[in-house]
Structure formats: C-alpha cells, structure tokens
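# Chain and residue survey
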Amino acid sequence: MNFPKSGFASEAEELHSFLEEIQNASAQVHSFSSEFVQERRLALFSEPVIFHGSLNVVRPDRLRWEFTSPIPSVLIFNGDQGMRCNDKAAPVDFNLGSDPVMRTVAEQLWLWLGGDYSRLRDHYILEKKGTSLRITPKDEAVGEYIGTVTIAFNTISKQPEKVEIVEPGGDSTIISFHSYVLNGDTPDLLFNTCGNNE
Amino acid sequence: MSKTAAFSRWLIMLLVFSLGLFFCRDLRLSEDAFDLLPGEAVQGDLRMLQQMGLVDRVFITVYADQEHIPRPVSKKVLQKSTEKLGNLLAESGHFSYVLSRLPEGYETALFAGLQPSLPLLFNEEDLEKLAAKISPDGIQEGLRNSFALLNSPAGIAMKRQVQVDPLGFTALALGKLNHMRSEYAVQIDQGFFMSRDGLSCLVVAEASGSLTDSAQAAEIESFLDDAFSQALDSGIKASVIGSLPHTLANSRTIKSDLRMLLPVATVLLILLLGFALRDIRALLVISVPYLAAPLAIGLTALAFGKLSGLALGFGIVLLGIAVDFSIHLYLALMAGGRNQGEAMRRVMRPLLYAVLTTSSVFIVLLFSEVPSHRQMALLAFSGIVLSSLCAFLVIPAIVNLRPRNSAQPQTQWLKFSTPKRPGIILLSWLVLLVLGVISWPQLRYNGDLRALDVPDKQVESDERHFNQNWGGGGEQAFVLATGANPDNVLDTNYRIYRFLQEQGVKKFQSFAPLLPGPQAQDRNLRGWQQFWKDNRVGFKDQFISAAVSSGFAENGFVPFFSWLDADPRHLSPGVFLGGPLQPLFASMLKISSDPLTGDTTHLAMTTVAIDDSILAKLLEFEEEGEGVHILANKKWQAEVERLLRHDVITLSCAAGLIITLLVILQFRNTRAVAAVLAPVASALAAMSVFCLLTGRELNMMHVIMGIMVIGLSVDYGIFIVCAKLSGGESTSTRAVSICAASSLIGFGVLAFAGHPALHALGVTVLVGIGVAWPTAVLVSPSLLVFGQKK
C-alpha cells in the first residue's frame, strides 16, 4: 500500500523540481523572439492547415503574435490593451476587460509562454511527461474548449519548443517554435503598431 | 367676571386642546416632495419617475484616490472593492436594486441566449445587410474571415460560434447592444462599469425607501458610511450623488439654522414682551393661539388625509398671526380698566374685521395648484378662526387673574397717532409706492425648486467629480412606455425607439432593439421568412461549394443550416430579466404589483440626451402616441413655472380684491379704506424694491410669506384706523408696535439663515413688516387727517 503513495510523492517531487528548473531558466529570460509553425487539425477543415509566423515576447505582459503566411495577420497584447490586424481591414484596438474572447486568448498564450509555471497549480492539473509539461484545466468552462495543453521545453534553453493543444472532440493544434533569440532587442514599436499593414 | 365663569372658560379651552390632541394622535407627517409641486400632470409624471426608481437612486463613484495616496492603486484592488461594496449593498435590504457589475461571462451567455432568436431582431435594414452577406462575394469574404479566425489564437474559443454563424450574422446584433449603453462615458471591464482612465468604478443602487424623506436618507447615509469602511481597500474612496445628499444637506442646514436662530429669537421675544407688557400674564396671552393649534392640525389632516411636514411648519408660522389678535384684545381689556364690557365692545369690531380679512386671504390660498399650499392654507385658516374664538374666550379670564394695575405705564415713544407733518410722511410714502410700481415689472418669478436647494459645497464638489468622471451632466429626458399589458408596453417602447431613429437621435439608451414588442417581432419574423423564401434556393449549394474550396469540410457547417431551418425562439422580458443583462434590464423595465388592488404595472424606459429641438419633437410625439410619457426637467420646469406664476398672479389678485372689497364694505369711507390698505401697499412696494436690488427674483417662499405679510399688514391698518376713528389710538398703536416687533424678531431672524428657503422667508417678513409697521403708525393716521381742518 505504501508503494503507490511513495510513487505519487516521487512524481510530485519530480514535477516540483522540473517546474523549479524551468522557472529558474525563465527568470533569466526577460524577452525572446522566435519563428513558429502552427498546424491546426479541425474536423471543420478538410485537411490540416499550416500557418507560419513569428513571435515576440517581453515579460510580463507584452506579446506580438504574427502570421506571415498563408494569411498575414498580427495580434498584439500590451498590458490590458491590445490590437489585431489582418491584411485588409484597419487595425482594431481591444481591451482585455471588455473583450472576453481576447481575454481568453491572452490567458492561454501567457499560460504557454509566460514562464511562470508554478502559479498554474490553482487552476490546472500539472503532469510531467519527459521534458514536457501536461496541463489539464480544472475549470469546467475552460474545459469546454480545451482538453489538455502539452508544452515541450527545449532541453538547453528551457523555453517552450512545442505546444500541443487537444480540444474536446479531438481537434488539435500543434505549434512548433524555432530560431529562438533570448533577451535580444525587441523594439517598443512591435507592441504598438501592426507594421506594414498600417 | 365670576370665578365660575372664568373656570368654565378655561374648561372649554382645555376641552378644545384635548380634542385637538385626540385628533392628532395618529398624525403622521408626510415628507413627500410631490406636495410642493403644482398640477396633477407634473405630479403624475414625477410619480412615474419614482415608480421607475429614478428618484430614489444613488450613484456611487468608487475611485482610486490618486491625490492623497502616493502609491498607485491597481485596477484589481479597485474592482475588488467595488464588488465587495456592491455585495454589501445588495445583501443589506436597504436597496431594491444594485448594479455594481455584470455577471462574469455575460457576453458569451448573451450571444448564446440571443442566437436562437436573432431572426426576430432583424428589421428591414438588417435584412439588406444580410442580403450582402449571402451574395457570392459576401460568402467568400465571410468564409475567409472565419478561416483566418479559426487559425488565429482566438480560434479555439470561437470554433462553435463559427460553425453556427460562419458569415457573421450575429455581428448585426452587436450594434443593437450599443443602445443598451447608458449616457455615461463608461467602459465595461470584467463586467465593471469603469471610467476611461480606469481609476473609477460606478455603482448604481435604488433605495427601498424614499430618499426625499430626511430620516430615511440619514439611515441610508449611515449604512453607506459603514459599507464604505468595510468594503473599500486603502487608497479607495467613494462619493455619492443623487437625491440623498441633497435631502441631507437641506435637512441639516435647516436644523443648524434653527438650532442657532430659535434661541436668539426666543430670548429677544421674551425681552420684548417683558419690556413692553411687564406682566407675567403676557406669556399666557401669547400661548392661547397655540392651544387651538392641535385642533386645527387635526382638522387639516382629517380634510386632506395627510399633512406634509412643510405645510405643518408654515401653517404654524402663519398661525402666529393669531397671536396679534390676543395681544390686541389683552391690551384693550387691560386699558379698559374696570369697564371691561365697554373695552370689549370697542376692540371687537377691529378684531372681527382683522380675522375676516386675514381668513379671506387664506381661503384664496386654498385654490392654489400646490397641495402643500392648500394644506397650510386650511391649517392657517382654521387655526386663526379657532384661536380667535379661544382668545375671546380666555383672554378676559386671563386679564381677571389678578387685580389690574391701573397705573399701566404708557410708552411715550410709541405715540405717533397724530402726526404733526402728514404731508412729508405721505410724500415719502408715495415715493416708496412709485419705486415699488417701477420695480415690479422688472422682477421675474423663478419657479425652479432647485433655487431653494441649499448650496452645499460637498454636494457640488461630488457632482462635479461625477460629471468629470462619467460625462453626462447634460439635459436628459426619460421616455416611458406604459400600457394595459406587457405586450402593449413593449410595442410602445419599440415605437419610441423607431421614432428616435427616424429623428436621427444618436444619444439614447433603449432596450427595444434587443427586445422588440410582439408586433415588431412578428413583422421581423415575416420579413425573415420572406427573405429566405426569396434567397434559399441555391444558397446552400453555393455556400458549401465556396466552403469546400476555402478549405472547410463539406459537412462542417451543419449547425448553421440547422439554425436557419429552426423556428426562432420568442423573446420575452423574462429572457432578459433572468439573463446576463438582468442588472441593466431591471433598471429600464419595471414590473410592479399593487399589493392592494393586485394590478400589475409595466413601465419601459428610454433615456434620451436632449436639446430644445428634440424635446419639442418628443413632446409632439407624446401628444400623438398613446402610452408615451415624456419626463424631462425642462418640461416640468416650464410647467411648474407656468402654474406657479398663474398661482401667484391669480391668487394675489384675488386676495387683493377680496381684502379691498372687505375693507370697503367694513369702512365705506375712502380715506379710511386708503389708510387701512396703506400698510399692505407699502409692504408690497418694499418687497418689490428689495427683490429688485437683490437679484430680481421671486421664489415660492417670497409668495407664501408675502401672503402672510399681506394678512398681517392689513390687520395693522384695521386696528390703527378703527382706533383712530374711535379715539382709542394709543392702545392700538402700542399693540400694533408690539405685534410688529414680535413678528420681526420671530421671523426676521430667519433672514440670517443659511438655507435659501428660510432666508427668503425671513427677508420677506423683515422687509414687508419692517415697512408695514411704520406705515401703519405714521402713514395711515396721516391719510386720515391730511388736508382736513383741525
């Protein structure tokens, strides 16, 4: 009877030290940028859809998510404020307090990329799977559209390398990050304007 | 007078007093502000406003106090304090409605709730936009947007919405939601109503009791103070605007004024009476009219079914006129020596004349448009008649209490009864009259009751702070829809919305676009059905073909077509009053049941920012549209001013005419009539000149007290002229002077009050009586003797 208990204890300790390890690594990273590839598999699509883009993050609250192909678009979070643009329409400003969809989006993006993983215990069940962290929401409302999120970390930089989101019903999204630049130069302009579209 | 007769008289007096107390035993004073307003229409409008809860609403700004707290307060702390405060208010039982935030996730719940009913919201203009969305280009664009959205980070949260609405039909409902925004510059953040700078949150609450009642207002204020200290974190403050701070500021200023001025007036009155009468019995004399007061109060309350506090206060003040009759009677009997019968006969005539003329003035006031004026008129009339009877009954007994001091001192400085130079006196008087006649047309009547509101600095500062934070402050109209049943009300409410749209009005708040009446829902449904009858053929194939070529699965949009084929869900008030927008709907749609009759009243409200042109159009619409009521301060102000001006002119003319006729009938002598009316003319002229010099405005207090001054002044004239004609002038001059001085002290001290209403009251008496008194003792005798051979 004691064996499983000590097994749980060892898993908990392992998770704790893993979180501490990536947390310490994150604490060293004030900002980063990377390229990414997003593969979306939805029952609604006839085949998987692949998007390419780039990401810029300045912790704790500035983030730029940009798709470069096949449909260019930009999403910016800067504190409570934000902006979204696509290739045709004018930029649209939003406020996280008054836009529930963008608030949810921001929560999810910061969940994967925020670097403060130790705080997730209150709202998520955390599991360590090799070099990955599997996150399952406790909240039913969030669980309606997110089954699990698995974040694989780079073994050296300890930054997210791959994020896999599995939705209830089987739809999934895989985002693979590459070409990381840590603590590089990230101009403020990136978080205030969409760029060429304006 | 025998001891038995005196005892019998005191016994009757005691019975009158006891009877009065009996009638007053269940007296409850109403502090209804509506008693101050003239006309059924205005009162009816305001009662509706009260039914909507707007009169008893408080607006609380919870804000981060950046000036006094050096560290910045976070939005989270501000919102936490606001939420805590909202919960305390809602749980307290003091408030029937509290709006501190919208429920979490209200946006998603709202759209999920509206989706099955969307076809009922789409009017003709919306169908035109739908036609563009289902065109080949519209379909392509809609699918491209949906594709991009699904692949964006927001795609996970929006997937179900896109499946049901790939072409963005729901977005048309967003524009309708904008009409739910209030006139205030708020942005909704996490459900909280926040200012643009993010430093303030708005809480709106409706008190269960009346906030125009000072006792209830004080109770609510005390509760709010406790709630603020419990709920607000360090660095967070709250300020309140609405009727609550106004009620309290007025009530406290009046109490503070009276606390300071009443003792001063009492001491001065005692000194005056002690000096002028030098007899302890004088205290009994001036108490006699007030022994009749309970019976007068009881009768008035019986006649009206209630008695307003204001009417009681002023009625008692007006009843003070009766003190003059007692003093005249007492002094005449004292001067009569052992021949009391003769003295009584001599004073009886002027006393009866005075009671008659004064009572007539108050009978005229019974026809006022203002309920509280009618109440105070009846109270003063019945009080004066009753207390005069009591005076005739008891004063002789009081005079007989001790042997008379035949060596009653005569105050020499009061003897003006035979003016030596009447010509100069009359010339001065004529100058005053001419000035009065010249100044009168330059005065204007200010019927705005806010002119009588105390100018409290804290209240003004809080209102300024509110306007800076939330905007507003401009003129607004509340357009109410009423009807025999809920369907009628919703139909009328929708007609109001359409009218405002047709007129191009931009700034208004209405729930009609989200909850049209049954007629509009039927009309929209027919339009929707006809739209798809005309467009459905080929749409599905065209859409699926475009979807597949855009990368979607062929069966990906089954939920969209299921929704198109389903019957729309009927929209009723219950859908919204039980839904996520409940706090907003509850403030705009009132359903209340009368516990006595069981009748249910439905009121739907639209708030419109107005200027003169829009108000005029709305008033025209009100005339034409059944069940439409425009509630606007500008409308009432104009109506109140018109009615009060009508009151002032007609009642003053009627009072003047009646007094003149009575005086003519009583004296039938031109000189005597002129002499009797001289103090009245002087008082009116002096008040007119004074008002011109101090702001050119007359208000309600000037009018009420003006009537009292007329009543007192004519009495002075009557006493002086009767005395002069009968040769007993010295006693009357003395009595008039004592009465005038006591009135000046009693009411004149109020000229030093901080409250505008009390100040206006005091000033009117001070100026009116201040001039009527010397006129009575100098001008009236001069008019009798001028030009006559000695």
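Residues numbered from 1 in each chain as written. Chains lettered and ligands numbered in written order. Predicted model: local features only at pLDDT ≥ 70, side-chain atom pairs only at ≥ 80, totals over all residues. Heavy atoms only, no water.

## Here we look at the overall build of chain B
If you tally the helices and strands in chain B, you get 31 helices and 15 strands. Its C-alpha radius of gyration of 36 Å places chain B more than 25% over the 28 Å reference for a compact globule of 790 residues. Projected onto the principal axes, the alpha-carbon positions of chain B cover approximately 125 × 50 × 50 Å. Taking all 790 residues of chain B together, the buried fraction comes to 54%. When the accessible surface of chain B is summed, it comes to about 34,800 Å², and 60% of that surface belongs to carbon and sulfur atoms. Separation of charge centres in chain B, based on 64 positive and 66 negative side chains, amounts to 14 Å. (Helix = DSSP H or I, 4+ residues; strand = E, 2+ residues; numbered from the N terminus. Rg over C-alpha atoms; globule rule 2.2 N^0.38 Å. Buried < 20%, exposed > 50% of the residue type's maximum accessible area, 1.4 Å probe, protein only. Areas by Shrake-Rupley, 256 points an atom, 1.4 Å probe, with all protein chains shown as cover. Lys, Arg positive; Asp, Glu negative; His and termini not counted. Charge placed at Lys NZ, Arg CZ, Asp CG, Glu CD.)

## With respect to the overall build of chain A
Looking only at helices and strands, one finds three helices and eleven strands in chain A. Going from the N terminus to the C terminus, chain A shows its helices and strands as α-β-β-β-β-β-β-α-β-β-α-β-β-β. Against the globule reference of 16 Å for 198 residues, chain A gives a C-alpha radius of gyration of 18 Å, in line with a compact fold. Out of the 198 residues belonging to chain A, those deemed buried represent 45%. Within chain A, contacts between residues separated by at least 24 positions form 46% of all contacts whose residues are at least 6 apart in sequence. Across chain A, 17 positive and 28 negative side-chain charges occur, with their mean positions spaced 3 Å apart. (Contact = heavy atoms within 4.5 Å.)

## A word on the interface of chain A and chain B
Taken together, the 30 residues of chain A in the interface contact 27 residues of chain B. Between chain A and chain B, a total of about 2,400 Å² is buried, with carbon and sulfur atoms accounting for 60% of that surface. Interface area lost by chain A to chain B is led by A:Arg40, A:Leu44 and A:Phe45, which between them contribute 24%. Where chain A touches chain B, the interface holds four salt bridges. For A:Glu167, the salt bridge is made with B:Lys159, and the minimal N-O distance between the two is 2.5 Å. Elements represented by at least two residues in the side of chain A that touches chain B include exactly β1 (31–41), β2 (49–58), β3 (62–69) and α2 (100–113) of chain A. If one sorts the elements of the side of chain A that touches chain B by residue count, α2(A) sits on top with six residues. (Buried area = accessible area lost by both parts, 1.4 Å probe. Salt bridge = Lys/Arg side-chain N within 4 Å of Asp/Glu carboxyl O.)

## Examining the packing of helix α28 (residues 670–693) of chain B against helix α29 (residues 700–726) of chain B
Residue and element names in this part refer to chain B. It is at 8 Å that the axes of α28 and α29 come closest, and there the two elements cross at 150°. Comparing their axes, α29 and α28 come out roughly antiparallel. Here α28 runs over α29; the crossing is right-handed. For the pair formed by α28 and α29, the contact residues are Ala672, Ala675, Val676, Leu677, Pro679, Val680, Ala683, Leu684, Met687 and Cys691 on the first element and His702, Gly706, Val709, Ile710, Ser713, Val714, Gly717, Ile718, Val721 and Leu725 on the second. (Axes fitted to C-alpha atoms, helices over the stretch in contact; angles between N-to-C directions. Parallel < 35°, antiparallel > 145°, perpendicular 65-115°, else oblique. Left-handed = near helix turned anticlockwise from the far one by under 90°.)

## As for the confidence of the model for chain A
Per-residue confidence for chain A gives a mean pLDDT of 85, with 93% of residues at or over 70. In the predicted structure, residues 1–5 of chain A sits below a pLDDT of 50 and forms zero contacts with residues beyond four places in sequence or in another chain. (pLDDT = per-residue confidence, 0-100.)

## Let's talk about the sheet that holds strand β6 (residues 92–95) of chain A
Residue and element names in this part refer to chain A. Read across the sheet, eleven strands follow the order β6-β5-β4-β3-β2-β1-β11-β10-β9-β8-β7 without closing on themselves; strand pairing throughout is antiparallel. Strands at the two margins of the open sheet, each flanked by one partner only, are β6 and β7 (124–129). In this sheet, neighbouring strand axes are inclined to one another by 20° on average, regardless of whether the strands run parallel or antiparallel. Note that strand β4 (residues 73–78) and strand β5 (residues 81–86) share six bridges and pair antiparallel. When the sheet's bridge partners are listed, Ser73 is paired in β5 with Asn86. Its contacts with the sheet put α2 on β1, β2, β3, β4, β5, β6, β7, β8 (132–137), β9 (148–153), β10 (160–166) and β11 (172–182), and the angle it makes with β3 is roughly 95°. (Pairing = 2+ DSSP bridges.)

## What to know about the state of the cysteines
One way to say it: the disulfide is the covalent bond shared by the sulfur atoms of two cysteines. Following the criterion strictly, the structure yields one disulfide over all chains and no others. There is no disulfide at B:Cys390, and the cysteine sulfur nearest it, in B:Cys24, is 14 Å away. (Disulfide = S-S within 2.5 Å.)

## A closer look at a nonpolar patch on the surface
Residues and elements named next belong to chain B. Together, Leu19, Phe22, Phe23, Leu299 and Leu302 make up a nonpolar patch on the protein surface, roughly 450 Å² of accessible area in all. Within the residue set of the nonpolar patch, elements represented by two or more residues are α1 (3–23) and α13 (293–304). Looking at the nonpolar patch, the element that brings in the most residues is α1, giving three residues. (Patch = residues over 30% accessible without salt bridge, like charges linked within 9 Å, V, L, I, M, F, W, Y side chains within 5 Å.)

## Comments concerning the nonpolar core
Counting residues in hydrophobic clusters, the biggest one holds 144 residues, and the most contacted among them are B:Phe325, B:Leu329, B:Ile395, B:Phe667 and B:Tyr716. Per-element tally for this core: the top contributor is α29(B), with 17 residues. Among the nonpolar cores identified, the runner-up in size contains 128 residues, and A:Met102, B:Leu120, B:Phe576 and B:Leu584 belong to it. (Core = buried A, V, L, I, M, F, W, Y, C linked by side-chain atoms within 4.5 Å.)

## Topic: the environment of B:Ile316
All names here are of chain B. Relative to the helices and strands, Ile316 is located in helix α14 (residues 309–319). Residue Ile316 is classed as partly exposed on the basis of its relative accessible area of 27%. Residues Ile316 and Met376 lie 60 residues apart in sequence; the distance between their C-alpha atoms is 8.3 Å.

## Details of the packing of aromatic side chains
The tally for this structure, following the rule as stated, stands at 36 aromatic pairs over all chains. Relative to B:Phe147, the ring of A:Phe45 lies with its centre 5.2 Å away and its plane at 50°, an arrangement referred to as tilted. With A:Phe45 in the loop between β1 and β2 and B:Phe147 in helix α7 (residues 136–151), this pair bridges two chains. There is no split in this pair, since A:Phe45 and B:Phe147 are both buried. Here A:Lys128 stacks its cationic end above the ring of A:Phe18, 5.2 Å away from the centre of that ring. For B:Lys540, the ring lying beneath its charged end belongs to B:Phe561, and the centroid distance is 5.1 Å. (Phe/Tyr/Trp six-rings, centres within 6.5 Å; stacked < 30°, edge-to-face > 60°. Lys NZ or Arg CZ within 6 Å of the ring centre and 35° of its normal.)

## Comments concerning the pattern of salt bridges
Opposite charge on two side chains allows them to pair when their charged atoms are near. As enumerated under the stated definition, the model contains 23 salt bridges over all chains in all. Between B:Glu206 and B:Arg57 there is a salt bridge; the shortest N-O distance is 3.5 Å. Residue B:Glu206 is located in strand β6 (residues 200–207), and its partner B:Arg57 is located in strand β2 (residues 57–64); the two are separated by 149 residues in the primary sequence. Summarising the burial analysis for this pair, B:Glu206 and B:Arg57 share the class buried. One connected set of salt bridges, linked through shared partners, spans A:Arg40, A:Glu167, A:Asp171 and B:Lys159.

## Details of the side chain of B:Gln115
Residues and elements named next belong to chain B. Of note, Gln115 is situated in the loop between α4 (106–114) and α5 (118–121). Note on Gln115: relative accessible area 9%, which makes it buried. Among all residues touching Gln115, those that are not within four sequence positions of it are Gln161, Val164, Asp165, Thr170 and Trp563.

## Focus: the packing of helix α12 (residues 281–291) of chain B against helix α17 (residues 371–399) of chain B
All names here are of chain B. Following both chains from N to C, one finds α12 and α17 inclined at 165°, their axes separated by 8 Å at the closest point. Looking at the two axes, α12 sits roughly antiparallel to α17. As for how α12 packs across α17, the hand of that crossing is right-handed. Between α12, through Arg281, Leu284, Val285, Val288 and Pro289, and α17, the contact on the second element is made entirely by Ser387, Cys390, Ala391, Ile395, Ile398 and Val399. Here the contact of α12 with α17 is built from residues that sort into nine nonpolar, one polar and one charged. (Nonpolar A, V, L, I, M, F, W, Y, C, P; charged D, E, K, R; others polar.)

## Here's the deal with the pairing of β3(A)
When a strand is regular, its side chains alternate between the sheet's two faces. All names here are of chain A. Pairing geometry for β2 and β3, over seven bridges, is antiparallel. Each residue of the ladder has a partner; that of His52, found in β3, is Ser69. Hairpin connection between β2 and β3: a loop of three residues separates the two successive antiparallel strands. The sheet contact formed by β3 and β4 spans six bridges and is antiparallel. Within β4, the position partnered with Glu66 by the bridge is Val74. The turn joining β3 and β4, which pair antiparallel and follow one another in sequence, is formed by three residues.

## What to know about helix α11 (residues 243–277) of chain B
When the terminal C-alpha atoms of α11(B) are compared, their 48 Å separation across 35 residues agrees well with the 51 Å that a helix rising 1.5 Å per residue should span. At the exit of α11(B) stands B:Arg278, carrying a positive phi of roughly 50°. (Expected span 1.5 Å × (residues − 1).)

## Remarks on helix α15 (residues 321–335) of chain B
In a regular helix each residue adds 1.5 Å, so 15 residues correspond to 21 Å; α15(B) covers 22 Å between its end C-alpha atoms and thus fits that length. For α15(B), a buried count of 14 out of 15 residues is recorded, marking the element as mostly surrounded by other parts of the structure.

## Observations concerning the confidence of the model for chain B
Residues and elements named next belong to chain B. Per-residue pLDDT for chain B averages 84, and the proportion of residues at 70 or more is 93%. A low-confidence stretch, residues 406–411 stays under pLDDT 50, and its non-local contacts, those more than four residues away or across chains, total seven contacts. Across the assembled chains, the prediction reports ipTM 0.91 with pTM 0.76.

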